[in-house]
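A structural walkthrough
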Amino acid sequence: MILPGASDTASSAPKGRQAEWVDLLAELEAVKSTVSATQARLAVALDEASRAEEARQHIRAERRGRGVPSQVGAAMRCSPHAGAAFLGVARVWVTEMPHTFDALRAGVLSEWRATLLVRETSHLSTEHRAQIDEEICGPAGLAALTRMGTRRLVARIKEQAAQLDVHACVKRNAKAKGERCVSMRPAPDLMVYLTALVPMQQGIQAHAHLKKHAEAAKAAGDERGAGQIMADTLIERVTGRDPGHADDVPVTINLLVSDATLLAQGDQPAVVVEGGPAGVGTVPGVVARELAANGIDADAAWLRAIYVDPRGRLLATTSTARYHPQGLAALLRAREQGICATSWCDAPVRHIDHVTPHAEGGATSLDNGQGLCARCNHAKQAPGWTQRPVPQGTTTGEGRDSVETVTPTGHTYVSVAPRPPEPIRETTPAWTPAVGMNGPGQGRLPRSRYSIGCHTARPRGAIAYRPRGRGSDRRPPRRPRRADLAWV
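Below, the structure is looked at part by part. (Residues numbered from 1 in each chain as written. Predicted model: local features only at pLDDT ≥ 70, side-chain atom pairs only at ≥ 80, totals over all residues. Heavy atoms only, no water.)

1. Re the packing of aromatic side chains
Applicable threshold: Two rings from Phe, Tyr or Trp (for Trp, the six-membered ring) form a pair when their centres sit within 6.5 Å of each other. Planes less than 30 degrees apart are called stacked, planes more than 60 degrees apart edge-to-face, and all others tilted. Think of it in three bands: residues with accessible area under 20% of the maximum for their type are buried, residues over 50% are exposed, and the middle band is partly exposed, with areas taken using a 1.4 Å probe on protein chains only. Secondary structure follows DSSP: runs of H or I at least 4 residues long count as helices, runs of E at least 2 residues long count as strands, and numbering of each begins at the N terminus.
For the coordinates displayed, the defined rule picks out two aromatic pairs. Ring centres of F86 and W93 lie 6.4 Å apart, and the angle between their planes is 85°; this geometry places the pair in the edge-to-face category. An identical accessibility class is assigned to F86 and W93; each is buried. A ring pair is formed by W344 and Y413, whose centres lie 6.0 Å apart and whose planes are at 80°; its orientation type is edge-to-face. With a gap of 69 residues between them, W344 in the loop between α14 (326–335) and β8 (351–354) and Y413 in strand β13 (residues 412–416) connect regions that are remote in the sequence. Judged by relative accessible area, which is 22%, Y413 ranks as partly exposed.

Structure (structure tokens):
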């Protein structure tokens, strides 16, 4: 894009031109706030109209408006959870905090700061919330608001809330203690965030003990960084194992990996489907092989063999049962790679759902199944929502499983299953025919420390290697450690 008043390169822009750019940045920031206010009003209007329409259809009050957050999220290209959060905040702006809404619409207040005003007054009554709204964002407080940082804004809200209703603040603190928990979410570079939500005094005490231990270790000559020592100590005290042997913990990790990567030293990435709230995501092929090898070392390797066609589409499996059987459900979770199939939704799969409902004749099959989070599964049951599998042979998703969703307003969204790891093709042999210990003309697997077998289409002239166990008529040349193979 060409900069306003300048060419593509801005290295020689005069001071006056740079000042104009600063003014433009400020104006655009105000426009962003105005747009957020407009979106908020539209979202609230959509919610009110949808609830009124469903009331005329005699739908129970607690079920009205269930699909609106998903519509808002799809329109804003965010998850249904984020759509629900925005709708809830917008409803408070429009109905309970008019001064905050006016400041947002005028560009004085950003969307995040306006959201903090709602969050920090959520435990107060409507009257007290309106009083704080007027004192901070009213005509008398706007001048100070424009110069106030975010932390000072939050501190002022808390101060006024404590003065208005100290009992509500104490009750909120007690409720927060009851919500203590430990959670995990993916982090970049094959790491995870292990988070503990605990009372302040306990969290400070735990952090102080870890820091003290790290300082003592550094003083004794430990070459690790203080943060590394604290992290290693935490894992050691929680698991009871030395951090250097953490991989020996017998846990199950569902790894979606192609046979080319696992057996033929391929370089295609794999996907950790589960093992966290929504899996870890894509991992390099070398790391996938290392995970499998470490699991075998600990006698805790569970591998799933998933069959795909040349287009990378999982082969269909059907069932006459009302609910998806365990094996089919596991296959659907693997197809979605552990994440809800709805577009822009990042929530983990919780429900295995029929695309076309079973009551309407939908089959319990792979083509008519999908993995959804609880919110998305409930939203599609609201009046006016329809879904259908996209027929095979269309260009949508390059032949992968796709679902078309039509909302009550007539908007259409298509979700496509993520691309799975590619299997070995006939043009890329998994192993080469050779004269070896198995006799002339028979193939052999590439030599590696571990031999892990999976059933796949093999090149012409090659001999398939089958894993050791019931029904096997041959053993591998080298005897690996025992691995439990769970076949889907």
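2. Regarding the nonpolar core
Note on soluble globular proteins: their nonpolar side chains tend to be buried together. Our working rule: Buried residues of nine kinds, namely Ala, Val, Leu, Ile, Met, Phe, Trp, Tyr and Cys, make up a nonpolar core once their side-chain atoms join them within 4.5 Å. Residue contacts are counted whenever heavy atoms from the two residues lie within 4.5 Å of one another.
Formed by 30 residues in total, the largest nonpolar core has its most connected members in W93, L109, L117 and I136. Looking at this core, the elements that each hand over two or more residues are α1 (15–56), α2 (68–75), α3 (80–95), α4 (98–105), α5 (111–119), α6 (126–137) and α8 (150–164). Looking at which element gives the most residues to this core, the answer is α3, with six residues. Beyond its immediate chain neighbours, meaning those up to four positions away, I136 contacts L117, G141, L142, L145, L153, R156, I157 and Q160. C340, A341, C345 and C376 belong to the second-largest nonpolar core, a separate cluster that totals six residues.

3. Things to note about helix α10 (residues 200–219)
Basically, it comes down to this: In this scheme, a helix's expected span is set at 1.5 Å multiplied by one less than its residue total. The directions considered for the arc run from the helix axis to the C-beta atoms.
In this model α10 runs 28 Å from its N-terminal to its C-terminal C-alpha over 20 residues, within 8% of the 28 Å that 1.5 Å per residue would give. For α10, the complete set of buried residues consists of L210, A214 and A217. The arc that holds the buried residues of α10, viewed along the axis, is 60°, so those residues lie on one side. Across α10 from its buried face, at more than 90 degrees, point the exposed residues M200, I204, K212 and A219. On its buried face, α10 sits against α11 (226–239). Just beyond α10, the residue with positive phi is G221, at close to 105°.

4. Things to note about empty space enclosed by the protein
For clarity, the threshold we go by: Of the two site types, the cavity is a set of points on a 1 Å grid over the protein atoms alone where a 1.4 Å probe fits but cannot get out, and the pocket is an open set with protein on both sides within 12 Å along at least five of seven lines, each lined by residues with an atom within 4 Å of a point. Grid points are joined across faces, edges and corners, and a volume is the space filled by probe spheres set on the points. Residues are grouped as follows: Ala, Val, Leu, Ile, Met, Phe, Trp, Tyr, Cys and Pro are nonpolar; Asp, Glu, Lys and Arg are charged; every other residue, Gly included, is polar.
Inspection of the entire model under this criterion finds six cavities of 30 Å³ or more. Quantified by volume, the largest cavity comes out at close to 240 Å³. Residue lining of the largest cavity: 22 residues in total, with T342, S343, W385, Q387 and T405 positioned closest to the centre. The set of elements that each furnish at least two residues to the lining of the largest cavity consists of α2, β10 (369–372), α15 (374–379) and β13. Looking at the lining of the largest cavity residue by residue, the class counts come to 11 nonpolar, 10 polar and one charged.

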